[in-house]
Amino acid sequence: MKDINIEDFKITSKISIKDLPTTYDLEVNKKKTERELRTVSEELAEIQNTMYAHGKYAVLFCIQGMDTAGKDSLIREVFKEFNVRGIDAHSFKKPTENELKHDYLWRHYIALPARGKFGIFNRTHYENVLVTRVHPEYLMYENMPDIKSVDDVNEAFWEIRFEEINNFEKHIADNGTIIFKFFLNVSKDEQKNRLIRRLEKPSKNWKFSSDDLDERKLWGQYQDCYEDAINKTSKFHAPWYNIPADDKPTARYLVAKILYDTLKEYTDIKEPELPADEKSKIHLYKQQLENE
């Protein structure tokens, strides 16, 4: 398998999405890719078990992408070896009535993982600068004091949101949350093929909505919004990674590899040791149990 340098996928300077790849050749077949993913997933699960016992770091896993990009299946395959006690998964959809009574980041704050856990945001706080930017009329439901109509939603409004998101991520990073942000970069042609498969396979019909076609017509606007969001929020403490997503097994492996290679550098994540007085009595405790 091709050696992976995770820095090749990290966004560290201004990008144009049209120049980012949607395919990547691992130089192996699908079965080999899947075997390698299983191995990396098992190694990640070991790190997570240690992190759970260590209890000083949390991991926030953020995944964004256009419809059909493969978010759900990627999460399933990358984290399938994990102990469920160590994961909190959230999929942020249309805000509820209660959520709309708070600021737009509130529901994301309360869903953050505790130290020792992985938090998965499947669709994330970035929906607030993606979907609402393409459909600014949705902002009217937030009932903000200074926004009376969509005419009040100007560039300054979005700049403030980017600053708020950056501050949010910097705050949680400073307090022990390791942040990963993955953009599943699927091509428009591949999205078309996946939508057609949803229509052709009866078992996949339930995934299809006519709204998918309406949103597809806005592809260019979404790409522009993704590009702006990535350029303004990919920071050292919370980097974005471009994941070529036209091939699902490849995308899954790349994400798992980036997670593993990054987390293994945290050499301070170790299982805690028993206090010295307890450790000195291990043989006595063992003897007590054996003599029951």
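Caption draft 1: Fine view of a negative patch on the surface. Residues Glu42, Glu43, Glu46 and Glu271 make up a contiguous surface patch of negative charge. Mapped onto the elements, Glu271 comes out in the loop between helix 9 (248-263) and helix 10 (276-279).

Caption draft 2: Representation of a positive patch on the surface. Positive charge collects at one region of the surface, where Lys201, Lys204, Lys207 and Lys248 lie side by side. Along the chain, Lys204 turns up in the loop between helix 6 (188-200) and helix 7 (210-216).

Caption draft 3: Local environment of the environment of Glu97. Tracing the sequence through the fold places Glu97 in the loop between strand 2 (87-91) and helix 3 (106-109). A relative accessible area of 63% means that Glu97 is categorised as exposed. C-alpha separation for the pair Glu97 and Thr12, spaced 85 residues apart in sequence, amounts to 38 Å.

Caption draft 4: Looking closely at the sheet that holds strand 3 (residues 118-122). Pairing is parallel across the open sheet formed by five strands, whose spatial order is 2-3-1-4-5. If you trace the sheet from one side to the other, it starts and ends with strand 2 and strand 5 (240-244), each paired once. Looking at each pair of strands side by side, their axes are set apart by 20 degrees on average, direction ignored. Here five bridges tie strand 4 (residues 177-185) to strand 5, and the two strands are oriented parallel to one another. Following the sheet pairing, Lys181 is matched in strand 5 by Trp240. Packed onto the sheet, helix 2 (residues 71-78) meets strand 1 (58-65), strand 3 and strand 4 and runs at close to 150 degrees relative to strand 1. The strands touched by helix 5 (residues 155-174) within the sheet are strand 1 and strand 4, with strand 4 carrying the most contacts at an inclination of about 135 degrees.

Caption draft 5: Up close: the pattern of salt bridges. If you walk through the whole model with that rule in mind, you get 23 salt bridges. Residue Glu159 pairs with Lys232 through a salt bridge whose shortest N-O separation is 2.4 Å. Remark: Lys232 occurs in helix 8 (residues 219-233) and Glu159 occurs in helix 5; sequence separation between them is 73 residues. Glu159 gets classed as partly exposed once you look at its relative accessible area, which sits at 36%. One continuous salt-bridge network, built from bridges that share partners, spans Arg133, Glu155, Glu159, Asp228 and Lys232.

Caption draft 6: Quick peek at the nonpolar core. With 77 residues, the main nonpolar core has Phe61, Phe79, Phe180, Phe182, Ile243 and Leu259 as its most contacted residues. Among the elements that line this core, the one with the most residues is helix 9, at nine residues. Apart from the residues lying within four places of it in its own chain, the contact partners of Phe182 are Phe61, Cys62, Ile63, Gln64, Trp240, Tyr241, Ile243, Val255, Ile258 and Leu259.

Caption draft 7: Structural view of the side chain of Thr124. In this fold, Thr124 is placed in the loop between strand 3 and helix 4 (131-134). Of the polar contacts made by the side chain of Thr124, one reaches the side chain of Gln64; its length is 2.7 Å. Those residues in contact with Thr124, other than ones at most four positions away along the chain, are Cys62, Ile63, Gln64, Phe92 and His108.

Reading the values: the criteria
- All residue numbers refer to position in the chain's written sequence, counted from 1.
- In keeping with the predicted nature of the model, local features appear solely for residues at pLDDT of at least 70, side-chain atom pairs appear and are counted solely at 80 or more, and the whole-chain, interface and lining totals rest on all residues.
- Computation of side-chain values covers all heavy atoms of the structure but excludes hydrogens and water.
- Patch construction takes residues with relative accessible area above 30% that form no salt bridge. Like charges are linked within 9 Å, and nonpolar side chains (Val, Leu, Ile, Met, Phe, Trp, Tyr) are linked within 5 Å.
- In short, Shrake-Rupley with a 1.4 Å probe defines the accessible areas, and a residue's cover is counted only from the protein chains shown.
- Whenever Lys or Arg places a side-chain nitrogen within 4 Å of a carboxyl oxygen from Asp or Glu, that contact is recorded as a salt bridge.
- Counted as positive: Lys and Arg. Counted as negative: Asp and Glu. His and the chain ends are not counted at all.
- A charge is said to be at NZ when it belongs to Lys, at CZ for Arg, at CG for Asp and at CD for Glu.
- Strands here are runs of E lasting at least two residues and helices are runs of H or I lasting at least four, both read from the DSSP assignment and numbered beginning at the N terminus.
- Buried, partly exposed and exposed residues are distinguished by accessible area as a fraction of the type maximum, computed with a 1.4 Å probe on protein chains only: under 20%, between the cut-offs, and over 50%, respectively.
- DSSP-based pairing: two strands are paired if at least 2 bridges between them are found.
- To obtain an axis, a line is fitted to C-alpha atoms, over the contacting stretch when the element is a helix, and the angle between two such axes runs from 0 to 180 degrees between their N-to-C directions.
- Every residue pair with non-hydrogen atoms within 4.5 Å of one another is taken to be in contact.
- Buried Ala, Val, Leu, Ile, Met, Phe, Trp, Tyr and Cys residues form a nonpolar core when they are joined through side-chain atoms within 4.5 Å.
- Here a polar contact is taken to be a pair of N or O atoms separated by no more than 3.5 Å, where protein atoms must pair a possible hydrogen donor with a possible acceptor and residues adjacent in sequence count only if both atoms sit in side chains.

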